[in-house]
Every structure is written in structure tokens, then in C-alpha cells.
Amino acid sequence: MCGIVGYIGKRDNPQIGLSALKRLEYRGYDSAGMAVYNPEKQEIFCLKAKGKISELEAKFSDAPLHGSPFILHTRWATHGEPSEANAHPHWDCEKNIYLVHNGIIENYKELKELLIAEGHKFASETDTEVIAHLIEHYFKNNLEEAMRQALKKVKGAYALAVIARKDPGKIVVAKFGSPLILGINDNEFLVASDASAIVSHTNQVITLDDNEMAVLSPNDFFILKEKPIEKIEYDAEETQKQGFSHFILKEIFEEPDAIEKSIAGRMILDQGLAKLGGLEQVLEQLKKVDKIIITACGTASYAAKVGEYMFEEYAKLRAKTEVASEFRYKNSILDDKTAVLAISQSGETADTLEAIKEAKRKGCLTLGIVNTVGSSIAKETDAGVYCRVGPEISVASSKAFISQLSILALITVGLGRQREMSLVTGKNILEELQKLPELSKKIFNQADYIKGLAEKYSIYRNFYFLGRKYNSSIASEGALKLKEIAWKIHAEGMPAGELKHGQIALTDENFPAVVICPSDSVYSKMKNAMEEIKARKGKILAIATEGQEDIKNLADDVIYIPKTLEMLTPILSTIPLHLFAAYLGLELGLDIDKPRNLAKSVTVE
Ligand code: AGP
């Protein structure tokens, strides 16, 4: 890394810059340099020296420069050996643009080739010099406009401070990926890589965010926010039904693909690591987090509950699910070691958005799992992971829920491997997760069978759904999907252990149970619940693991799902529940894409 200092204002002695720069010497010291605009001569003078800042200071004392603005730099070489020629500042062909940079320009080689082809002459081996010539390419008479255009071509990280002979009286700074702060004083402004360089001049600072530029002049400054162009990752075709009678059916049948898209490129299998680009910039903060609150509404809140169990059991991180509409008012205990993770398909749910704003007010790191690119929650959170499953048109959420569960498994590995999770455990989870797209396709071989069950059970107007541990909230999701889509039916989901604490009063031959009982650590407990239901003539539709033949002695009907890790069973057990709900709604002749009274995104509280 390198150190940057800049100054513009009433003083014209760059010695203050040198003193400030020395405070940044820890960031690199293989060479240093400065550029000073002299208003009388209307020229920019530049001094550079190989070695420590003291070498530059010696040169400065031999040939003192005066003027304002000035910019300074101390270097830790990345591209080009430590030398005077490679020291910053760098300038363009006309010696109009002078700039200092901290960061790495990843595409500097191709840019340099293009600029050389245009006739630009380079004086150094650095990546940085490319930016000076690129700004020259766009420069007409306004430095910030030229920089704005130039930076659109740049890939990589940068903190930049730039001055121009032909547009004097300003320093233009820009930040992406490397730190940069502004120091505010009476009629003078400073810029630096960190506050230690300017704390002796002011304690009022502004920390620039990524994609922000600032224009500093002797009496004022303003900040420009370059809105990054977000890429919609689906085409018009995807928003059509593609041969299905309803969007909900299309989107349920897309669920294997949703798993695939959610995990693609996001695993480093041999190291048992998750690779979530959207969280990279907060990984250090996540290491320090000692509690995570997962907040969401409706279907997304049931994914949150699964995530809570995953985080606690496998990442050894304290986790709690808070329904967003409650979170804001119950005044949860939050601090700067609490992360708040919002889950939202639309990214516009008002309750969830407000919950995130409340968490930010309390100093929490805020994260998101969101499907809609560029949505309010995606923008409001500090970092996050996009589902990448394309538009979900049906009002009832299906493939996005499956994606949320898949991403929660990835985040579990990410958090776990920062903590006690071994490489072997991380690798095992990722390998099993990687099998799910293919395994889940097998469930659709039973689609017609499930359709037949929907017809068989369409005589009932009340259902309850039971599950334990990872599938307790899938019971709630199955119930919600059923009553949402086949809204002539009431359904309730609950942890199976709760059956005997009241629900069982309703159990009889007219009140069927959907029981999610994969072969996992609580399978025997699930069989107890089924025995209790059978003893009261209750009908049972079981969701069980392939090979569990004994379940047929307890259940009236069974839908089998492939075997997988206990923590991943919700991703598979949900699919037959979504199909069952959709087919039952169809059987009742309802609009299963637009159930009455509902909206796809609830943007009111
Ligand atoms: C899901 O089937 C429902 N339509 C509803 O519960 C939904 O999950 C909830 O409104 C949250 O929406 P979001 O995921 O877009 O935030």
C-alpha cells in the first residue's frame, strides 16, 4: 500500500505536506514525491526521490517549492521497481495532469496499449501512470469531468489525488477499494490515506465511500457519487412462462437451477471455503462479530430460521431470527459486534428495510441476501449476496426461498471457517451442497404423483405441518405456501414437539398432517409425533428420505426426497411442499400466481 497527502487552501508551504506524509511512511517507503501548483508561474513543479521521505525532504530543502494545491506520495512498489522514475506523482504528456495513487489498476496493460497506440509517451513502468494519460485523453477544460470519464475505463482499486495546470485551484480525489479521507478546516482542505496524517491540522474528517469523487477548492468542496451500473442478469425471455400454465409452476420447476445459480463460482472446494464476492470487503469485520441477527418477513423469515440453526451448529456463531416487523420495535440488544442479516427476495419489503436502517443506527454491520439487483435493501446494507435466480414473478416465493437456503449454507461455511470449522467439515458441506442441483431434480420425477396427492387431499380445509430442527421452519413455509396459494385452506406449521402442547386437540380424520421427517438426528422423535397422530385417526402425508421404508407403516402417503446432510435437508424437503401447494391451488381452481389480497412486495408497514 502507499500513502497519499493533499492540501489546498490559504497556506502555500508544502512542508506541512511533508510532515503529514511522514505519518504515512508505514504504508510504504521505497520512494516519495510531491507536485506543487505555483499560481504566479501557473506551473506545476514536481520533486521525486528514491528511498525514504527524508530523501525527498533533503531535495525539497535544496529547492523549496511554494504554492497550493500540492499533493504528495510515499510508495510501496507494486508495478515497476523502486526508482525516481516510478515514484509518484505521475503526469501526462502535456505535463498538465499530476496525480498520486494508492491501489492497483488491474487492466492497466490493455489501457496502456490503447494509449500508446494513440501516441501517448510513458515515463514509468507503473500501472498508475496510465490514469494520468487516460485523464489527458478525456481532458477538455474540467478536471473532474475528465476523471469521471477516465475512471469508467479503470478496473481495480484506487485512491487518487489529482491536480491540473489547466484547471488550477482544485484537487480532485476519487476512491474505490483503497482508503481516502478528507480533512475539513477553515478555508483549507486536506486529503490523506488515513486520519493520522492530518489529525494535527483538523479533527473534522469525511471518509469517502467507494465510487465517490470529491472536488476540493480553497473555499469549498463537494462530493460526487458515481452510481455503479448494476447488471440485470436475466433477459425478457426469463420473465415469460416458458410453457408452464403458471409462473409459480415454472419457478418451482426452476428450483434445481436456482440452487445451481446460487452456489456457482462461490466455493473453493479443496480448501473447504465459500467465496462470496459481495462479502469480501467486510470479511475482517465478520471475524469480529460475536452475534448475528437474521431479519426478514414471511417466507424469507423461515429461511432465516434455518440459517439461525446452521450458524449456531456449524459456524459456532450466536444467531437469532427476528421477524422484521417486530425487530424495529422490540429494541433488541445491538452493538458493533452484532451483524444484522436481512433476507428479502424483492429487496423492497418495508419492514425489512426499516429493520436494516435501525440496525445501522445502532452501529451494526448490515448484510443482505437479496434477489433483486439494485433494490433498496441491497443498497442499504453494507454488503451482501445476490441470489442470482432471475425474476420471481409469482406472488408466492418459491425459487428465491430455495436460493436463500443455499446461500445461507455458503455463508455458514464462510463464517464457520473464520471460526472453528475445519477444512474437512467445510469441504464436506460444500461437496454435499454441490450435489443438490442434480439430487433435487429427482424429486420432480414424482410431480404427477404429487399432483395426485393434491387431488386426494383437496377435500380437506385444514392442515398442519410438522418438522423438527432444520425442518421446523420448513413446516411453517409449507403451511404458508399452502394457505397463500390454495387460500380456501387454512394451514399452520409448527415444531413437531409442539403437537402435544395443544394442536393435537384438533387431530382427527378430518385434519390431516404434513410431516417432514427426513432421516436425520430427530427422525425417531418425528415417528413419535406420527404415532400420536395415528392414534387419533389423523391422516399423514410424510416427506421422507429415500430408503425410509418403515415410514409407510405410519404415513398414509409418502413423498421421498434424496439423502443429504441434515443441515441441507430443508433445501430438498421444501420442493415437494411447494409443488403440493401449487397443485392443490390448481385443483381448487384458484389463481395460483396472484392469490387474493396479496402483493409480491409489501412496501408498506
Ligand atoms: C412469500 O410467498 C410471500 N409472498 C411473503 O411472505 C414474502 O415472503 C414476504 O412478503 C417477504 O418478501 P421479500 O422476500 O420480498 O422481502
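Below, the structure is looked at part by part. Please read these numbers as outputs of a predicted model, since none were measured by experiment.

### Overview of the overall build of the protein chain
- Of regular secondary structure, the protein chain possesses 18 helices and 25 strands.
- Referenced to the eigenvectors of the C-alpha coordinate spread, the extents of the protein chain come out at roughly 100 × 45 × 45 Å.
- Buried residues in the protein chain amount to 57% of all 605 residues.
- By sequence separation, contacts in the protein chain at least 24 residues apart represent 71% of the contacts at least 6 residues apart.
- Total accessible area on the protein chain is roughly 24,400 Å²; 51% of this is exposed by carbon and sulfur atoms.
- Averaging the positions of the 75 positive and the 84 negative side-chain charges in the protein chain gives two centres separated by 2 Å.

### Considerations on the sheet that holds strand β22 (residues 490-495)
- Read across the open sheet, the five strands follow the order β22-β21-β23-β24-β25; overall the sheet is parallel. With partners counted over all chains shown, the strands left at the sheet margins are β22 and β25 (557-561), one partner each. On average, adjacent strands in this sheet sit at an angle of 15° to one another, irrespective of strand direction.
- Bridging between strand β24 (residues 540-545) and β25 involves five bridges; their strand directions are parallel. Counterpart to Ala-544 in the pairing with β25 is Tyr-560.

### What about the environment of Asn-141?
- Within the element layout of this structure, Asn-141 appears in the loop between α4 (129-138) and α5 (143-151).
- On the basis of relative accessibility, which here comes to 58%, the residue Asn-141 falls in the exposed class.
- Asn-141 sits 105 residues away from His-246 along the chain, and the two C-alpha atoms are 57 Å apart.

### A few points about the site of the ligand
- Close contacts around the ligand come from 14 residues, with Ser-344, Ser-346, Thr-349, Lys-481 and Glu-484 the closest.
- The side chain of Thr-349 places a nitrogen or oxygen atom 2.5 Å from an oxygen atom of the ligand.
- Relative to its unbound accessible area of 410 Å², the ligand is 91% covered by the protein chains.
- Elements supplying a minimum of two residues to the shell around the ligand: α9 (298-314) and α16 (472-485).
- Among the residues forming the shell around the ligand, the class breakdown is five nonpolar, seven polar and two charged.

### Considerations on the packing of aromatic side chains
- Evaluated as defined, the whole model comprises 13 aromatic pairs.
- Note on Trp-91 and Tyr-98: the rings are 5.6 Å apart at their centroids and 45° apart in plane angle, and the pair reads as tilted.
- Centroid distance Phe-253 to Phe-444: 4.8 Å. Interplanar angle 45°. Geometry classified as tilted. In this pair, Phe-253 is assigned in helix α6 (residues 247-253) and Phe-444 in the loop between α14 (423-443) and α15 (447-457), connecting sequence segments 191 residues apart.

### Structural notes on helix α18 (residues 569-587)
- Over its 19 residues, α18 extends 28 Å from the first C-alpha to the last, a length consistent with the 27 Å expected when each residue adds 1.5 Å.
- Taking burial as the measure, the 19 residues of α18 include 17 buried ones, the bulk of the element.
- At the C-terminal side of α18, Gly-589 shows a positive phi close to 70°.

### So, the packing of helix α7 (residues 255-263) against helix α13 (residues 399-417)
- Contact pair α7 / α13: the axes reach a minimum separation of 8 Å and the direction vectors enclose 35°. As for how α7 packs across α13, the hand of that crossing is right-handed. Contact residues: Glu-255, Ala-258, Ile-259, Ser-262 and Ile-263 in α7; Lys-399, Ile-402, Ser-403, Ser-406, Ile-407 and Leu-410 in α13.

### Regarding the pattern of salt bridges
- Inspection of every chain in the model, using the stated rule, returns 34 salt bridges.
- Between Glu-380 and Lys-360 there is a salt bridge, with its nearest N and O atoms 3.6 Å apart. Of this pair, Glu-380 sits in helix α12 (residues 376-380) while Lys-360 sits in helix α11 (residues 350-361); the two residues are 20 residues apart in sequence, bridging distant segments of the chain.
- Each of Glu-144, Asp-167 and Lys-170 takes part in a single network of salt bridges with overlapping partners.

Reading the values: the criteria
- Residues numbered from 1 in each chain as written.
- Predicted model: local features only at pLDDT ≥ 70, side-chain atom pairs only at ≥ 80, totals over all residues.
- Heavy atoms only, no water.
- Helix = DSSP H or I, 4+ residues; strand = E, 2+ residues; numbered from the N terminus.
- Buried < 20%, exposed > 50% of the residue type's maximum accessible area, 1.4 Å probe, protein only.
- Contact = heavy atoms within 4.5 Å.
- Areas by Shrake-Rupley, 256 points an atom, 1.4 Å probe, with all protein chains shown as cover.
- Lys, Arg positive; Asp, Glu negative; His and termini not counted.
- Charge placed at Lys NZ, Arg CZ, Asp CG, Glu CD.
- Pairing = 2+ DSSP bridges.
- Axes fitted to C-alpha atoms, helices over the stretch in contact; angles between N-to-C directions.
- Near = heavy atom within 4 Å.
- Polar contact = N/O pair within 3.5 Å; in protein donor to acceptor, adjacent residues only side chain to side chain.
- Nonpolar A, V, L, I, M, F, W, Y, C, P; charged D, E, K, R; others polar.
- Phe/Tyr/Trp six-rings, centres within 6.5 Å; stacked < 30°, edge-to-face > 60°.
- Expected span 1.5 Å × (residues − 1).
- Left-handed = near helix turned anticlockwise from the far one by under 90°.
- Salt bridge = Lys/Arg side-chain N within 4 Å of Asp/Glu carboxyl O.

From the geometry alone we can't say anything about function, so treat these as descriptive.
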